[in-house]
Amino acid sequence: MFSDHLAGLNPEQLRAVTLGAGSALVLAGAGSGKTRVLTTRIAWLIANQRAMAANIMAVTFTNKAAREMHTRLSAMLPLNPRGMWIGTFHGLANRFLRAHWRDAGLPQTFTILDMQDQLAAIKRLMKALQVSDEKFPPRQVQAFINNHKEQGLRAEALKPYDAFNAKLTELYAAYDAQCRREGVVDFAELLLRSYEMLNSNEALREHYRARFSHILVDEFQDTNKLQYAWLCLFAGPHASVFAVGDDDQSIYAFRGAEVGNMRRLMADFQVGEPIKLEQNYRSCGNILDAANALIQHNDGRLGKNLWTDAGAGEPIRLYRGWNDADEAQFIVDEVRALRRDGGALAEMAVLYRSNAQSRVLEHALFQAGLPYRVYGGLRFFERQEIKHALAYLRLVASPDDDNALLRVINVPARGIGARTVENLQTASRERGVSLWQAACGQGGGRSAASLGKFVLLIEQLRADAERLSFAQLVSHLIAASGLRAMYEADKDGEDRLENLDELISAAVSFAPEDPAQIIAEFLAHASLEAGEHQAGAGEDALQLMTVHAAKGLEFASVFVSGLEEGLFPHENSLNDAHGVEEERRLMYVAITRARQRLYLTQAQQRMLHGQTRYPLPSRFMEEIPASLTKNLSETMTAGLSSRGNHGTRPAPAAPRHQASTNAVLPGGWRIGQSVTHPKFGSGVILNAEALGEELRLYVNFAEHGAKWLDMRFAKLTPA
DNA sequence: CAATCAAACATTTTT
DNA sequence: TGTTTGATTG
């Protein structure tokens, strides 16, 4: 019976799942069972004949979330997997454009540029246009293009306000022209193109609007302007939009996400009050209380308070180390203790604000012999050997793909140097043809022989594609191109060879929707789903990642490290209030990852960019009620670390009441300490910087303002 | 063309 | 401080 699926729901969840027609906004707190609500809602709609599978579109941000939804759904219902549109924004846009490639003005086998490909394309374009990459850093151009596309703005729609901006706009237009010429689309283009096409094609629009009566959106707080417009276009005036999100977990504003879309939705789709899912099934009471107390410091929230019936649980443990190494050692010791008590390493995570912080942690973990896994970094389909192989595959599918051709024309080295490539580019520009066509037409050049061999290789591969199965083709192309031999000759090529074999396995098991389009579909899959973040799964290992990467995950024990002003909240976000609020939401996300045990750690002294810093404790620490915490720092016992003292322990000297909150600097100075200077009078130490023997203090003088003083010379005395 | 060196840079990054 | 990028050089 379907009602079994409803039985375990709490009243709010049940209400959300069984809503009638009309649009709704579900404010789903961390750990409140939002995925369950989303999937049960879909199942309920179908089971009660409110909709058929084909009438449903469910949109997520990550492939992982889409997969999970699909898996859970098929456990509840016998599903026609192709009938329902479940996927990421980009995945669905891709599906849409593949179905209507002609209307979209795209070649049938259009390929998708990932960020790397896009950057390469931009660099190539700028070289051709002779634009200085000094004045216009390609990354900035890329950001300019993507930001505007995500605002729904084409180059023609922009009004440049100065020469610099005008040049960027010009590059944007030229880039789009290049993409059209080459039949490629970048990530943002998938959405923008499908948006524009549906917007201008009434018949198609009515068709899809009639089809999708229910549109469900996950992580709605992360939608950007274009995604919102895209959804509105598909929804039309009649569809029911069911949006699930949490404004307190909006941590991607820096990438264009607009939390305001939640309020916008309420206004645009006549949503009454949002349904709040506040019961949390993940964390203990103390952890939730801390999260609630913290997030209350933000303004303009939709308002929500997490609660649990699980009991208060353990106190939140605080630790303040002398320096970053000491902080890391503390974490190592605690992890060992937790493990002794039977905890699995995979159920523990160390979170940090920025990737650079992982080094010190990794060092300590390595020394301790604790297995760990760092998230982030290169993913499977982003590895160079994989991209090389895919480039050959792309040339087989469409030899006019200049990006792909440039990538592998001389990989492995086959005597086609930069000179030859430049000639080729000149020829292609002059004759207005692709590089491939230019290469084919290149008769008597000096390097004609090696170029001719390359042309022959690709032509041969294209012929082979006719007779081989897809998997055979992939395998064959890796060998025939010389890639395999190249990595076999490389003494460090073992991993790369393994990855190439894994690519063949992926090709073997790849199930295309349209077998005739298997190459295009495989390539799209590679771009849209870059693959799991590196291998290394299986072994029980401590999980290291940024707070951003931890969103959506949960662990029995969580360490949030580096809780210092300037790091977390990050100094670059201190300028405006919105920045600090986003940092606070990030902290909220970090806290709510923990089920049973939460540690908040910091260091009094930290090496950053080759400079020693003496940061103040993070403001977020003070926003957590002391009644929920337990301090494990050695500063409380005034003794040396029982875990071993790392680095030089700062000189004692400070009065206790201040020493407990503020860092002790070399020489016994403290941040916040009142001092007197013979010339400047009285002041307060605001900040410090140490470089070897040199110590500089930033002192705010009552009469003379804030000054940096070199303590090798300055005559400063405690007030 | 590969190897080596200096310079620049260092927040987060679902697709 | 440590890494990545590019430019230079053999």
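Values in this document were obtained by computation on a predicted structure and should not be read as measured data.

Another point: the nonpolar core. Core analysis: the biggest nonpolar cluster contains 62 residues, and Met57, Phe96, Trp230, Phe234 and Leu265 have the highest contact counts within it. Residues from two domains meet in this core; each of domain 1 (1-102 + 192-279) and domain 2 (111-182) gives at least three. Those residues in contact with phenylalanine 234 that sit more than four places away from it in its chain are Met57, Phe96, Leu198, Tyr208, Arg209, Phe212 and Ile215.

Right, let's get into the packing of helix H7 (residues 138-150) against helix H8 (residues 163-182). Two elements in contact, H7 and H8, have axes whose closest approach is 10 Å; the angle formed by their N-to-C orientations is 75°. Relative to H8, the element H7 lies roughly perpendicular. In this structure, H7 contributes Gln140, Val141, Phe144, Ile145, His148 and Lys149 to the contact, and H8 contributes Phe164, Asn165, Leu168, Thr169, Leu171, Tyr172, Tyr175 and Asp176.

Every residue lining DNA strand C is accounted for by Arg359, Met607, His609 and Gly610. Protein-proximal atoms of DNA strand C, defined as those within 4 Å of the protein, fall in sugar or phosphate at a share of 57%. For DNA strand C, a sugar or linking oxygen lies 3.4 Å from a polar atom in the backbone of glycine 610. Of the residues contributing to the surface near DNA strand C, the split by class is 1 nonpolar, 2 polar and 1 charged.

All right, on to the pairing of strand S10 (residues 348-352) then. Most of S10 sits out of view: 5 of its 5 residues are buried. Residue alternation in S10 divides its side chains into two sets, Met348, Val350 and Tyr352 and Ala349 and Leu351, and both sets are buried. Where S10 and strand S13 (residues 555-560) come together, 4 bridges link them in parallel fashion. Of the residues in S13, the one forming a bridge with alanine 349 is valine 558. Of the pairings in the sheet, the one linking S10 to strand S12 (residues 542-546) comprises 4 bridges and is parallel in character. Note that in S12 the partner of alanine 349 across the bridge is glutamine 543.

What follows deals with a negative patch on the surface. On the surface, Asp490, Asp492, Glu494, Asp495, Glu498 and Glu502 cluster together into a patch of negative charge. Assignment of secondary structure puts glutamate 498 in helix H23 (residues 494-508).

Take the sheet that holds strand S1 (residues 24-28) next. Across the sheet, 6 strands lie side by side as S3-S2-S6-S7-S1-S8; this open sheet has parallel pairing. Because the sheet does not close on itself, it has two edges, and the strands there are strand S3 (85-88) and strand S8 (275-277). Taken over all neighbouring pairs, the strand axes of this sheet differ in orientation by 15° on average, direction set aside. When strand S6 (residues 214-217) meets strand S7 (residues 240-245), the two strands line up parallel, connected through 4 bridges. Note that in S7 the partner of histidine 214 across the bridge is serine 240. Those strands touched by helix H4 (residues 63-76) are strand S2 (56-60) and S3, and its axis lies near 155° from that of S3.

Residues annotated in UniProt with the feature "binding site: ATP" (unreviewed entry) correspond here to Ala28, Gly29, Ala30, Gly31, Ser32, Gly33, Lys34 and Thr35. Tracing the sequence through the fold places serine 32 in the loop between S1 and helix H3 (34-47). Accessibility expressed as a relative area gives 1% for serine 32, which makes it buried. Look past the residues within four positions of serine 32 in its chain and what remains in contact with it is Gln13, Leu277, Gln279 and Tyr281. Of note, lysine 34 is situated in helix H3. Setting aside residues no more than four positions away along its own chain, lysine 34 makes contact with Ala28, Asp218, Glu219 and Val244.

Definitions and limits used
Residue indices follow the written sequence of each chain, beginning from 1 at its first position. Chain A is the first chain written and ligand 1 is the first ligand written, with later ones labelled in order. Per-residue local features are limited, in this predicted model, to residues with pLDDT of at least 70; the limit for side-chain atom pairs, both in listing and counting, is 80 or more; totals at the level of whole chains, interfaces and linings are taken over all residues. Only hydrogens and water are removed before side-chain values are computed, so all heavy atoms of the structure are retained for them. Buried residues of nine kinds, namely Ala, Val, Leu, Ile, Met, Phe, Trp, Tyr and Cys, make up a nonpolar core once their side-chain atoms join them within 4.5 Å. Only protein chains enter the accessibility calculation, which uses a 1.4 Å probe. A residue is then buried if its area is under 20% of the maximum for its type, exposed if over 50%, and partly exposed in between. For the domain bounds, the source is a domain assignment made automatically or taken from a database. Residue contacts follow a heavy-atom distance rule, with two residues in contact if any of their heavy atoms lie within 4.5 Å. Axis definition: a line fit to C-alpha positions, over the contact stretch in the case of helices; interaxial angles, taken between N-to-C directions, run 0 to 180 degrees. A run of H or I in DSSP counts as a helix once it spans at least four residues, and a run of E counts as a strand once it spans at least two, with each numbered from the N terminus. Here roughly perpendicular refers to angles of 65 to 115 degrees, roughly parallel to angles under 35, roughly antiparallel to angles over 145, and oblique to all remaining angles. In these notes, residues near a molecule or strand are those with any non-hydrogen atom within 4 Å of it. Think of a polar contact as two N or O atoms within 3.5 Å of one another; within protein, one of them needs to be a possible hydrogen donor and the other a possible acceptor, and neighboring residues in sequence only count if both atoms come from side chains. Three classes are used: nonpolar for Ala, Val, Leu, Ile, Met, Phe, Trp, Tyr, Cys and Pro, charged for Asp, Glu, Lys and Arg, and polar for all others, with Gly counted as polar. At least two bridges found by DSSP between two strands is the condition for calling them paired. Patch membership requires more than 30% relative accessible area and the absence of a salt bridge. Residues of like charge join within 9 Å; the nonpolar side chains Val, Leu, Ile, Met, Phe, Trp and Tyr join within 5 Å. Under the convention used here, a 1.4 Å probe and the Shrake-Rupley method define accessible areas, while residue burial counts only the protein chains that appear. By salt bridge we mean one thing: a side-chain nitrogen of Lys or Arg within 4 Å of a carboxyl oxygen of Asp or Glu. When charges are tallied, Lys and Arg are placed among the positive residues and Asp and Glu among the negative ones, while His and the ends of the chain are skipped. A charged residue contributes its charge at one atom only: NZ of Lys, CZ of Arg, CG of Asp or CD of Glu. UniProt positions are given in the numbering used here, feature names are shortened, and annotations may be inferred rather than shown by experiment.

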